[in-house]
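Fold and geometry: a report
Residues per chain, in single letters:
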Amino acid sequence: MGFVFLAVVLGGVAGYSAYRHFAADLPDVEGLRSYQPRIMSRVYAGDARPIAELATERRIFVPYQSIPLVVKNAFVAAEDQNFWQHRGVDVLAIARASFTNLQQLGQGRRPIGASTITQQVAKNMLLGNEVSLARKAKEAILALRIEETLSKERILELYLNEIYLGLQSYGVAAAAQAYFNKPLDELSLPEAAFLAALPKAPNNYNPFRFPEAAKVRRDWVLDRMTEVRAIDAADAAAAKAAPVVPAQFHRPDPVPGADWFAEEVRRRLVDQFGADATTQGGLMVRTSFDAGLQAAADKALHDGLVAYDRKLGGWRGPAGHLDLNGAALRTGWASALAHTQKPPGIRPEWRLAVVTEETDREARVGWLEHPEGPPGTPPLQRVGALSLADLGWARPIRDGRMVGPPRRMADIAQAGDLVMIEPAAAAVPEKARPAVEHVTLRQIPAVQGALVSMDPMTGRVFAMVGGWSFEQSQFNRATQALRQPGSSFKPMVYLTAMEQGMSPSWRFQDAPISIGDWHPNNYEMTFSGPTSLHTALEKSLNLVTLRVAQRLGMEAVAQTAMAFHVVDNMPRVLPAALGAVDTTVLRMAGAYASLAQGGKEVVPTLIDSVQDRDGHVVSRDQSHECGACADPSAPPEMGDARRQIADPESVFQIVTMMQAVVQHGTGTEAGKGLNRPIAGKTGTTQDFNDAWFVGFTPDLVTAVWIGYDTPSSLGDDETGGHVAAPIWHNFMTSALKDRPVLTFAMPPGMTMARWDGNLDAFKPGQVPGTWGPGGGGGDEGGLTAAAPGAGGVDNSMGGLY
């Protein structure tokens, strides 16, 4: 008895010491009371269509009372039959598992556990997956504490929403979608039993890969449910008779072109709320995204880039090659092509094809079409023809230079080569398709571009294209690429002139200028002598612009540009007046939106509102609030909290002059056939590296940029008016189709007058056709290196046209 007593005492001391040791650094379980599971955030378009899901774990949280009873019973029966009776640790289950593990000792098998649901909650949420006795001891201690802190219902709720069940699904609701493509409350008994079979080894019981193993494990769960009398034998037998029939989860079809917009929204959410809240906080984000305008923007930019590439890009060779020859190629191309990955950036309407044979004048190509149907539907084989007569644009590139048009098909592609094509008969019914279809050769352009379109009244961005393909490169050239705007910056210079009292008819000399080693010139390399500000902006004359900037002082010009958010800061040197500053497409769109709004500050926004997981609005654009809407007896009155960053009269003068740019000047390609007031400005930088057109109507602003990621020339005479303006025109043709024709509102007290064939706006006291003191009768002197603002000129900088 003494020995037994001593053993008990020593065992108690040892047990207490072990408890103190393992319990010393355990996490606090109190946080589980208010625990918020990681839930994906969702981003919605302006019409409430989902455009993105932001998540590190795919989880749909379901409160305890909304989880079907059959699901609860299935998991309790499979994982912890004594869940409702024990206090966190099941002693009998531990003894049973220990006996089994002793029998398997030395067999190389992983020890089986006896963890209760409470212990699994402790492991999943507070500990880790380390396999050790120490972790099991800590798990047991935490389980006892959790049972003292939380109700059984709360513990089961946490478990069913946190557990990983395979296919990137966390929690039973996400798993119901992943395996059966249905909501949780529509699961049948055999489907619920299958989900309860997954916690042990989700990958081993994946019904898409191992249907037999999945059924065996599902039936085992049904037997456990019968044992605990959750179901009767008849229900179990009927459920076992049903096969496991998984249904692939189909997410809603993505909105075409939404990737750029959604990724920019994600970046802004991270900046405002942090990465964890963005991807785990269950935010509901409503945006200004317009799917119709995005589709039009996507098409206009891609068509424009393809047109430029066909004009100047040359043929850069096949996309790949299949190592098949002769008969093996003619009979085995389909199988080889099916296992070939498509090039990133290929358009949805294009196909990857293989050249099966070629002659001097023609090549036969084969490709696969994937018809609609259930998974496993075999693709259809198609055959088409490429004609050399259609490929004059595909000038081969040798030693970095384009040579003449191809003389034979082998100059472009040979048998076995992989090429991208666009079938002409894509929309033709199956029975009407020709045996050999005519196809068009395609290639991904090397040139890039960006487009942003927004509402000037609210600043809401409707559409954003950040490059050729988000799949190919996630770098957003609309928001992240810093490029020089060239002459699209000039309205900032002329607006500063209007604010200092000049009028559109003031004249400055259009004559040569030399500043040290810098000798700027006009695009046309001609000089017109005394030239009005109206004509200088309309024709984008560099030399007049420099003289105006010198007269104003670059500090004043810089303040205007910064007020309009073209830049945050800029050098006070004259080349900056020609657009030798770094900005983005989104910034330029916002600056021109402020012009469209009469000098009101417009800040582009993508997010209308953000709600947290409980539905509370945590962020909302408040620049336009309805002040009296809370009072039903008062008429609605929209407030306008925007700053006035330029006087409306001067802005209206600039807008009127910019309409002449589109009507008669460098931007005529943008306005052809639109038959409505449009104001805008072209921009082209040094050596034709960047081509811009930014323009607007009273209700829509759009900015377009074209250039190479590594700045290099687009080619001689490839100006903003020739490259970017047609893209702007094609987009706006679609965007304005159903919009009313609006005119720009003239501020009170101003006068519209014609002079020398020009129509301009004049402030009170200004006389059309004349210019004030300092205009010099067109005799504003030559500009030298000693002139104010001329210092610090960088010869590599400066806009061109």
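See the structure shown above.
Read on for a plain summary of the structure. (Residues numbered from 1 in each chain as written. Predicted model: local features only at pLDDT ≥ 70, side-chain atom pairs only at ≥ 80, totals over all residues. Heavy atoms only, no water.)

Counting 90 residues, the largest nonpolar core has Leu533, Leu595 and Phe696 as its most contacted members. The element best represented in this core is helix 19 (residues 585-596), accounting for nine residues. Residues in contact with Leu533, not counting those within four places in the same chain, are Tyr494, Ala497, Met498, Met502, Ser503, Pro504, Trp506, Phe508, Val544, Val548 and Met657. Membership of the second largest hydrophobic core comes to 51 residues, among which are Val62, Tyr64, Ile155 and Leu160. (Core = buried A, V, L, I, M, F, W, Y, C linked by side-chain atoms within 4.5 Å. Buried < 20%, exposed > 50% of the residue type's maximum accessible area, 1.4 Å probe, protein only. Helix = DSSP H or I, 4+ residues; strand = E, 2+ residues; numbered from the N terminus. Contact = heavy atoms within 4.5 Å.)

Moving on, we get to the side chain of Asn522. With respect to the helices and strands, the residue Asn522 is situated in the loop between strand 16 (507-510) and strand 17 (529-532). With a relative accessible area of 1%, Asn522 lands in the buried category. Among the polar contacts made by the side chain of Asn522, one reaches the side chain of Asp510 at a distance of 2.8 Å. In this structure Asn522 touches Asp510, Phe527, Leu541, Asn542 and Leu543, once residues within four positions along its chain are discounted. (Polar contact = N/O pair within 3.5 Å; in protein donor to acceptor, adjacent residues only side chain to side chain.)

Attention now moves to the sheet that holds strand 14 (residues 448-454). With antiparallel pairing, the five strands of this open sheet are ordered in space as 15-14-22-21-20. Lying at the two open borders of the sheet, with one neighbouring strand each, are strand 15 (461-465) and strand 20 (679-684). Here the strands of the sheet are splayed against their neighbours by 5 degrees on average, with no regard to which way each runs. Pairing geometry for strand 14 and strand 15, over four bridges, is antiparallel. When the bridges of strand 15 are listed, Leu451 appears paired with Val465. (Pairing = 2+ DSSP bridges. Axes fitted to C-alpha atoms, helices over the stretch in contact; angles between N-to-C directions.)

Attention now moves to the packing of aromatic side chains. Inspection of the entire model under this criterion finds 13 aromatic pairs. Note on Phe83 and Trp84: the rings are 4.9 Å apart at their centroids and 75 degrees apart in plane angle, and the pair reads as edge-to-face. You can call Trp84 partly exposed: its relative accessible area is 38%. Each member of the aromatic cluster is reached from another via a ring pair, and the members are Tyr179, Phe180 and Phe194. (Phe/Tyr/Trp six-rings, centres within 6.5 Å; stacked < 30°, edge-to-face > 60°.)

Take the pattern of salt bridges next. Any two side chains of opposite charge can pair, so long as their charged atoms come close to each other. Summed over all chains, the structure comprises 31 salt bridges. Taking the shortest distance from any N to any O, the salt bridge between Glu263 and Arg267 comes out at 3.5 Å. Of this pair, Glu263 and Arg267 both sit in helix 11 (residues 258-273), separated by four residues, roughly a single helical turn. No difference in accessibility class separates Glu263 from Arg267, as the two residues are buried. In this structure, a network of salt bridges that share partners links the residues Glu263, Glu264, Arg266, Arg267 and Arg268. (Salt bridge = Lys/Arg side-chain N within 4 Å of Asp/Glu carboxyl O.)

Another point: a nonpolar patch on the surface. A grouping of Met746, Met752 and Leu759 is seen on the molecular surface, where their side chains present a nonpolar patch of about 230 Å² in accessible area. Summarising the element assignment, Met746 is placed in the loop between helix 22 (720-735) and strand 23 (751-755). On the basis of relative accessible area, Met746 is assigned to the partly exposed category, the value being 37%. (Patch = residues over 30% accessible without salt bridge, like charges linked within 9 Å, V, L, I, M, F, W, Y side chains within 5 Å. Areas by Shrake-Rupley, 256 points an atom, 1.4 Å probe, with all protein chains shown as cover.)

With that out of the way, let us pick up the packing of helix 9 (residues 211-227) against helix 10 (residues 233-241). Viewed as axis vectors pointing N to C, helix 9 and helix 10 meet at an angle of 175 degrees, and their least axial separation amounts to 9 Å. On the basis of their axis angle, the class for helix 9 and helix 10 is roughly antiparallel. Every residue of helix 10 that contacts helix 9 at Lys215, Arg218, Asp219, Leu222, Asp223 and Thr226 is listed here: Ala233, Ala236, Ala239 and Lys240. Of the residues in the contact of helix 9 with helix 10, the class split is four nonpolar, one polar and five charged. (Parallel < 35°, antiparallel > 145°, perpendicular 65-115°, else oblique. Nonpolar A, V, L, I, M, F, W, Y, C, P; charged D, E, K, R; others polar.)

Right, let's get into the packing of helix 13 (residues 291-313) against helix 22. At a minimum axis distance of 9 Å, the contact between helix 13 and helix 22 shows a crossing angle of 155 degrees. In this view, helix 13 runs roughly antiparallel relative to helix 22, as classed from their interaxial angle. Considering the relative orientation of helix 13 and helix 22, their crossing is right-handed. For the pair helix 13 and helix 22, contact is made by Leu293, Ala296, Ala297, Ala300, Leu301 and Gly304 and by Ile727, Asn730, Phe731, Ser734 and Ala735, respectively. By residue class, the composition of the contact of helix 13 with helix 22 is eight nonpolar, three polar and no charged. (Left-handed = near helix turned anticlockwise from the far one by under 90°.)

Counting through the fold element by element, Arg42 comes out in strand 1 (residues 41-44). Using a relative accessible area of 26% as the deciding quantity, one classes Arg42 as partly exposed. For the pair Arg42 and Glu53, spaced 11 residues apart in sequence, the C-alpha separation works out to 4.7 Å. The residues touching Arg42, leaving out its near neighbours within four places in the chain, are Ala52, Glu53, Ile60, Leu283, Met284 and Val285.

Remember that the coordinates give geometry; whether it matters functionally is a separate question.
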